[in-house]
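# An overview of the molecular structure
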Amino acid sequence: DSWTKMEDEGEKLRAEGNALFQSKEYLKAAAVYTKAIKVDGKNAVLYSNRSAALLHLSKVKRALMDAQTCVELRPDWEK
């Protein structure tokens, strides 16, 4: 169904963003995580990952906003 397709697309984008992050291509990683968030806006992992990428780009305020969203979505998650 369409929900599964959205989750699959979000997962593909997350994996792509992770690969870019591992390659230290933080700007590209943040852009891909943003695409993934547009597909799956309730996925706390995406906000956490984009927050980390933004921190590497010294975008502290934006990183903090993503971190706060992550906590709101998954208050029990310790990452």
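Here the structure is shown first, and the text comes after it.
Sequence order as written defines the numbering, with residues in each chain counted from 1. Totals for whole chains, interfaces and linings use all residues, but because this is a predicted model, local features are given only for residues with pLDDT of at least 70 and pairs of side-chain atoms are given and counted only at 80 or more. Excluding hydrogens and water, the side-chain values take into account all heavy atoms of the structure.

To obtain an axis, a line is fitted to C-alpha atoms, over the contacting stretch when the element is a helix, and the angle between two such axes runs from 0 to 180 degrees between their N-to-C directions. Per the convention used, a helix needs a DSSP run of H or I reaching at least four residues, while a strand needs a run of E reaching at least two, with both numbered from the N terminus. Closest axis-to-axis distance for the helix H2 (residues 26-39)/helix H3 (residues 44-56) pair is 9 Å, and the angle between their directions is 155°. Considering the angle they form, H2 stands roughly antiparallel to H3. Judged by the twist between their axes, the crossing of H2 over H3 is left-handed. Touching Tyr 26, Ala 29, Ala 30, Tyr 33, Thr 34, Ala 36 and Ile 37 of H2 are Leu 46, Tyr 47, Asn 49, Arg 50, Ala 53, Leu 54 and His 56, all from H3. Residues of the contact of H2 with H3, tallied by class, amount to 10 nonpolar, 3 polar and 1 charged. Roughly parallel means an angle under 35 degrees; roughly antiparallel, over 145; roughly perpendicular, 65 to 115; everything else is oblique. By definition, any crossing whose near helix is turned counterclockwise from its far helix by less than a right angle is left-handed, and any crossing with a clockwise turn is right-handed. Here a residue-residue contact requires only that any non-hydrogen atoms of the pair lie within 4.5 Å. Nonpolar residues are Ala, Val, Leu, Ile, Met, Phe, Trp, Tyr, Cys and Pro. Charged residues are Asp, Glu, Lys and Arg, and all others, Gly as well, are polar.

Let's shift gears to the environment of Trp 77. Mapping Trp 77 onto the fold places it in the segment after helix H4 (60-73). Through-space distance from the C-alpha of Trp 77 to that of Ser 23 is 26 Å; in sequence the pair is 54 residues apart. Leave out the neighbours within four places in its chain, and Trp 77 touches Ala 44, Val 45, Ser 48 and Cys 70.

Take the nonpolar core next. Counting 15 residues, the largest nonpolar core has Ala 29 and Ala 53 as its most contacted members. The element that contributes the greatest number of residues to this core is H2, accounting for 6 residues. In contact with Ala 29, not counting residues within four places along its chain, are Gly 17, Leu 20, Phe 21 and Ala 53. Side-chain atoms within 4.5 Å are what join buried Ala, Val, Leu, Ile, Met, Phe, Trp, Tyr and Cys residues into a set we call a nonpolar core. Relative accessibility decides the category of a residue: with a 1.4 Å probe and only protein chains considered, values under 20% of the type maximum give buried, values over 50% give exposed, and everything between is partly exposed.

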